[in-house]
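Coordinates in review
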Amino acid sequence: MKVKVIPVLEDNYMYLVIEERTREAVAVDVAVPKRLLEIVGREGVSLTTVLTTHHHWDHARGNAELARLLPGLVVLGADERICALTRRLAHGEELQFGAIHVRCLLTPGHTLGHMSYFLWEEECPDPPAVFSGTGCPVPTCPTSPCPIPLSDPPNSPGDALSVAGCGSRLEGTAQQMYQSLVETLGTLPPETKVFCGHEHTLGNLEFAQKVEPYNDHVKAKLSWAKAAGDGAKLPGVARQGGDWGLCSFQQRDEDDVPTVPATLGEELLYNPFLRVAEESVRKFTGKVAPADVLDVLCRERASFERAAEPLQPQARALLALQWGLLSTPRQK
């Protein structure tokens with residue numbers, strides 16, 4: 001199983017998962033179909049299916065255009081609000097693409113219809129992977145069949161489970177989010193690679209350091225993440241993530257290398273949203289019950305600010321045109 005990490009927009013990730021024997025490919029969270037098809041062509045694979053984690057524009061907006069370009073494309077997800085959805089998935093449902101198995105895990109919290117995807121291959125030495133991407137709702141363009149943002153809150157956390165963090169709770173309860181993070185995703189095998197939907201690692205780790213200032217694992221991961229600076233501007237297609245041991249982080253040898261994937265075993269050591277039972281995290285929140293601890297963490301993370309210069313509206317418009325998200329004006 002080969003995973004291509006495809007940075008797009010300001011801080012999003014799309015993914016192309018390739019079954020290397022059959023050359024069949026599955027895409028996760030298609031925001032920019034033009035970019036995805038470039039990678040599909042370069043890899044020489046047949047794209048048959050899209051797995052969408054949730055309905056927000058920066059994860060599902062490209063589905064309709066991709067389905068138009070690839071007749072017969074299957075678009076799967078758990079929320080009827082997903083663009084161009086062909087079939088709605090259920091929690092625990094299993095799919096198979098050649099040797100790749102997919103288990104669908106409903107993980108409400110960021111949205112009620114959020115689905116994470118756990119992938120593995122039988123009799124394969126490669127570790128399994130979970131795709132947990134989520135995004136943040138923003139003001140949209142009402143003329144688009146799948147909404148296009150007019151603005152976007154900078155550094156806002158946006159994943160069911162992300163590197164050192166999690167998504168903002170928008171539609172679910174704190175108890176639902178706790179069950180999604182700790183009981184569903186947190187109990188996957190520790191070697192599982194975590195592929196999230198946004199590059200928010202640096203801000204997440206800075207918040208994690210605020211929660212647990214004496215956690216050496218947080219300090220080590222934060223130092224590693226800072227080595228190539230803030231990864232918010234990510235050109236091109238990243239290399240595959242390597243196999244990382246617990247808090248033994250792969251050397252970053254080029255600028256702007258994405259910080260995904262991490263492993264779940266790593267996350268359990270420094271991600272405060274998975275550490276709600278730890279005394280240090282409880283002390284920070286002043287709560288004891290896990291769901292209450294998580295609720296306070298989410299509110300504190302939402303108010304936590306990291307110095308960043310948001311793109312101006314003109315720059316955002318140029319970015320949208322670059323990725324084919326807006327049409328050039330028609331001549332009269």
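Everything here concerns the structure above.
Before going into details, it helps to say that this report is about the structure given with it. (Residues numbered from 1 in each chain as written. Predicted model: local features only at pLDDT ≥ 70, side-chain atom pairs only at ≥ 80, totals over all residues. Heavy atoms only, no water.)

Considering the state of the cysteines
We count it as follows: In plain terms, two cysteine sulfur atoms within 2.5 Å form what is called a disulfide here. Partly exposed residues are those whose accessible area sits between 20% and 50% of the maximum for their type, while under 20% is buried and over 50% is exposed, using a 1.4 Å probe and protein chains only.
Applying the stated criterion to the full structure yields 0 disulfides. In this structure Cys-166 is not part of a disulfide, and its nearest cysteine sulfur, from Cys-298, lies 4.4 Å away. Residue classification places Cys-166 among the buried residues on the basis of a relative accessible area of 2%.

A few points about the sheet that holds strand β7 (residues 94–97)
The test is simple: Here, a strand pair is defined by DSSP locating no fewer than two bridges between the strands. Strands here mean DSSP runs of E at least two residues long; helices mean DSSP runs of H or I at least four residues long; both are numbered from the N terminus.
Strand order in the open sheet made by the 6 strands is β7-β8-β9-β10-β11-β12, with mixed pairing throughout. At either end of the open sheet lies a strand with only one pairing partner, and these are β7 and β12 (262–263). Pairing of strand β11 (residues 193–195) with β12, which is carried by 2 bridges, proceeds in the antiparallel orientation. Within β12, the position partnered with Lys-193 by the bridge is Thr-263.

Looking at the packing of helix α5 (residues 201–211) against helix α9 (residues 290–303)
Formally: Geometry is summarised by axes, namely lines fitted to C-alpha atoms with helices restricted to the contacting stretch, and by angles between N-to-C directions that run from 0 to 180 degrees. Roughly parallel covers angles under 35 degrees, roughly antiparallel covers those over 145, roughly perpendicular covers 65 to 115, and oblique covers all other angles. For any pair of crossing helices, the crossing counts as left-handed if the nearer helix is rotated counterclockwise from the farther one by less than a right angle, and right-handed if it is rotated clockwise. Contacts between residues were defined by any pair of non-hydrogen atoms, one from each residue, lying within 4.5 Å. For this classification, the nonpolar set comprises Ala, Val, Leu, Ile, Met, Phe, Trp, Tyr, Cys and Pro, the charged set comprises Asp, Glu, Lys and Arg, and every other residue, Gly included, is treated as polar.
Closest axis-to-axis distance for the α5/α9 pair is 11 Å, and the angle between their directions is 125 degrees. Considering their axes alone, α5 and α9 lie oblique with respect to each other. Read as a crossing pair, α5 and α9 show a hand that is right-handed. Taking contact as the criterion, the partners of Gly-203, Asn-204, Phe-207, Lys-210 and Val-211 in α5 are, on α9, Leu-297, Glu-300 and Arg-301. Tallied by class, the residues present in the contact of α5 with α9 amount to 3 nonpolar, 2 polar and 3 charged.

Structural notes on the pattern of salt bridges
Counted only if it meets this: One speaks of a salt bridge when a side-chain nitrogen belonging to Lys or Arg is within 4 Å of a carboxyl oxygen belonging to Asp or Glu.
Counted according to the given criterion, the structure contains 13 salt bridges. Its salt-bridge partner being Glu-19, residue Arg-21 comes within 3.8 Å of it at the nearest N-O pair. On the accessibility criterion, Glu-19 (2% relative accessible area) is buried. Between Glu-266 and Lys-221 there is a salt bridge whose closest N-O contact spans 3.5 Å.

Some thoughts on the packing of helix α4 (residues 174–185) against α9
One way to put it is that α4 packs onto α9 with a least axis distance of 8 Å and a crossing angle of 100 degrees. Relative to α9, the element α4 is oriented roughly perpendicular. Between α4, through Ala-174, Gln-175, Met-177, Tyr-178 and Leu-181, and α9, the contact on the second element is made entirely by Pro-290, Ala-291, Leu-294, Asp-295 and Cys-298. Per-class residue counts for the contact of α4 with α9 are 8 nonpolar, 1 polar and 1 charged.

A closer look at the nonpolar core
Note the following rule: Take the buried residues of types Ala, Val, Leu, Ile, Met, Phe, Trp, Tyr and Cys, join any two whose side-chain atoms come within 4.5 Å, and each joined set is a nonpolar core.
Counting residues in hydrophobic clusters, the biggest one holds 36 residues, and the most contacted among them are Tyr-15, Leu-51, Leu-95, Val-102, Tyr-117, Leu-119 and Phe-131. No other element matches the 4 residues that helix α6 (residues 216–226) contributes to this core. The next biggest cluster of nonpolar side chains, apart from the first, holds 27 residues, and it includes Tyr-178, Val-211, Val-281 and Phe-304.

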